[in-house]
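Descriptive analysis of the structure
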Amino acid sequence: MAAVGRLGKSRLQLRDKTVLITGASAGIGRACALAFAAEGARLILTGRSREQLDETARLAAPAECFVFPADLCDAEAIAGLSAEVRTRFQRLDVVVNNAGVGLYIPSYQSRPDAVRHLFELNVFAPVELNRLLLPLLGEGAWIVNVSSIVGKVPLPWMPLYAASKCALSAYSDALRMELDGSGVRVLAVHPGAVSTGFGTNALDGELPANVGGRQRWTITPEQCAAAILAGMRKGKRTIVTPRIGWALVIAARLFPGLLYKRLAGVNPYGRYRRPS
């Protein structure tokens, strides 16, 4: 399984390289910032909260950090961020599209504005940011798109979140083909549950606590960041972390009917009931 999704090993040298990380205020984004800082990289940190970004920069010291608060659901904010980066930096070496938001509610109960917000941040923002920053990415650069295990195997208790991450995963695979021969690599990251405050910040609903077997699928943000660096070093196209997640991916490919029926049976929202 270790050979799945591999492009060939690369000599990853991050000292004095410039790395942009979205959603760097906390969680996976902050953990990535600290991991890249430990490798000697220069960091561009973006997120909505300047206070939290400043805290990430403080924790990353003595790494050189540039903080640019931006709401990536706002197209003008993305354009402004990209213009600032293009003005200040001649080259980018890594773009980590990590910012995202959850929506844990049945699709038939969802609010249209929440669904639009979900796709704006989870899909449209990385697409637009990559489009605007691609001219700064040279030979050996990386685009890292942080998807989710549900980008490989959708779950019925987060159907629209899964749809957004499936879209990001498909985009990542297509982008890799688009950029073939350019020297820019694309890594799609599919974490399982990550022990952050992500679920509590969902647009609607909350991650059900009674979904069985979650503990073995759960990792820390630091473990996710380490897996990203390891994936880059090994030249991988795709990583699933923790590795047990591959079992779910394989089951979905080989026995989709059985797996999806089982998942439907443990859906904490139960079966759809028609209005009386």
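We now turn to the structure provided with this report. (Residues numbered from 1 in each chain as written. Predicted model: local features only at pLDDT ≥ 70, side-chain atom pairs only at ≥ 80, totals over all residues. Heavy atoms only, no water.)

Counting residues in each nonpolar core, the largest one holds 51 residues, and the members touching the most others are Leu20, Leu72, Val85, Leu92 and Leu133. The set of elements that each furnish at least two residues to this core consists of helix 3 (75-88), strand 4 (92-97), helix 4 (112-133), strand 5 (137-146), helix 5 (159-178), helix 7 (245-254) and helix 8 (256-265). In contact with Leu133, other than residues within four places in its own chain, are Leu20, Ser82, Val85, Leu92 and Val95. Counting 36 residues, the second largest nonpolar core, distinct from the first, contains Val67, Val96, Trp142 and Cys224. (Core = buried A, V, L, I, M, F, W, Y, C linked by side-chain atoms within 4.5 Å. Buried < 20%, exposed > 50% of the residue type's maximum accessible area, 1.4 Å probe, protein only. Helix = DSSP H or I, 4+ residues; strand = E, 2+ residues; numbered from the N terminus. Contact = heavy atoms within 4.5 Å.)

Tracing the backbone through its elements, the reader meets Ile239 in strand 9 (residues 238-241). As for Ile239 and Ala188, which are separated by 51 residues in sequence, their C-alpha atoms are 6.5 Å apart. Sequence-distant contacts of Ile239, defined by excluding residues within four places in its chain, comprise Leu187, Ala188, Val189, His190, Ala227, Ile228 and Gly231.

Attention now goes to the side chain of His190. Residue position: His190 is located in strand 6 (residues 185-191). Separated by 2.9 Å, the side chains of His190 and Ser169 make a polar contact. What His190 contacts, discounting residues up to four positions off in sequence, is Ser147, Ser148, Ile149, Gly151, Lys152, Ser169, Thr238, Ile239, Val240 and Thr241. (Polar contact = N/O pair within 3.5 Å; in protein donor to acceptor, adjacent residues only side chain to side chain.)

For the rest of this paragraph, the subject is the pattern of salt bridges. This structure, assessed with the given rule, holds 10 salt bridges. Asp54 serves as the salt-bridge partner of Arg50, at 4.0 Å between the closest nitrogen and oxygen. Linking Arg50 with Asp54, this pair stays in helix 2 (residues 50-60), spanning four residues, or about one helical turn. Take Arg50: its relative accessible area is 45%, and that puts it in the partly exposed class. Look at Asp54 and you get partly exposed, because its relative accessible area is 35%. Look at the salt bridges and you will find they share partners, linking Arg111, Asp113 and Asp204 into a network. (Salt bridge = Lys/Arg side-chain N within 4 Å of Asp/Glu carboxyl O.)

The subject of this paragraph is the pairing of strand 1 (residues 18-22). Within a regular strand, the side chains alternate between the two sheet faces. Burial analysis of strand 1 places five of its five residues in the buried class, which makes it a mostly covered element. Residues Thr18, Leu20 and Thr22 line one face of strand 1 and the alternating positions Val19 and Ile21 line the opposite face, and both faces are buried. Strand direction decides the pairing type here: strand 1 and strand 2 (residues 42-46), joined by five bridges, are parallel. In the strand pairing of strand 2, Ile21 is matched with Leu45. What joins strand 1 to strand 2 is helix 1 (residues 27-38), and the crossover it makes is right-handed. Summarising the sheet, strand 1 and strand 4 pair through three bridges and their orientation is parallel. Considered in strand 4, the bridge of Leu20 is made with Val95. (Pairing = 2+ DSSP bridges. Right-handed = clockwise from strand over helix to strand, strands pointing away.)

Before going further, it helps to spend a moment on the packing of aromatic side chains. With the rule as written, the count across this model stands at three aromatic pairs. Seen in terms of ring centroids, Phe66 and Phe89 are 5.0 Å apart; in terms of plane orientation they differ by 85°. Their pairing is edge-to-face. Placement of Phe66 in strand 3 (residues 65-67) and of Phe89 in the loop between helix 3 and strand 4 is noted, with a sequence separation of 23 residues between them. (Phe/Tyr/Trp six-rings, centres within 6.5 Å; stacked < 30°, edge-to-face > 60°.)

One can describe the packing of helix 4 onto helix 5 by two numbers: an axis separation of 9 Å at closest approach and a directional angle of 15°. Viewed along their axes, helix 4 and helix 5 adopt a mutual orientation that is roughly parallel. Helix 5 is crossed by helix 4, and the crossing has right-handed handedness. Contact residues: helix 4 offers Val115, Leu118, Phe119, Asn122, Val123, Pro126, Val127 and Asn130, while helix 5 offers Leu160, Tyr161, Ala163, Ser164, Lys165, Ala167, Leu168, Tyr171 and Leu175. When its residues are assigned to classes, the contact of helix 4 with helix 5 shows 13 nonpolar, three polar and one charged. (Axes fitted to C-alpha atoms, helices over the stretch in contact; angles between N-to-C directions. Parallel < 35°, antiparallel > 145°, perpendicular 65-115°, else oblique. Left-handed = near helix turned anticlockwise from the far one by under 90°. Nonpolar A, V, L, I, M, F, W, Y, C, P; charged D, E, K, R; others polar.)

This paragraph deals with a nonpolar patch on the surface. Taken together, the side chains of Ile250, Leu254, Phe255 and Leu258 make up a nonpolar region of the molecular surface, amounting to roughly 420 Å² of accessible area. Position of Leu254 relative to the elements: it lies in helix 7. Under the relative-accessibility criterion, Leu254 is labelled exposed at 56%. (Patch = residues over 30% accessible without salt bridge, like charges linked within 9 Å, V, L, I, M, F, W, Y side chains within 5 Å. Areas by Shrake-Rupley, 256 points an atom, 1.4 Å probe, with all protein chains shown as cover.)

Just distances and angles here, no functional claims.
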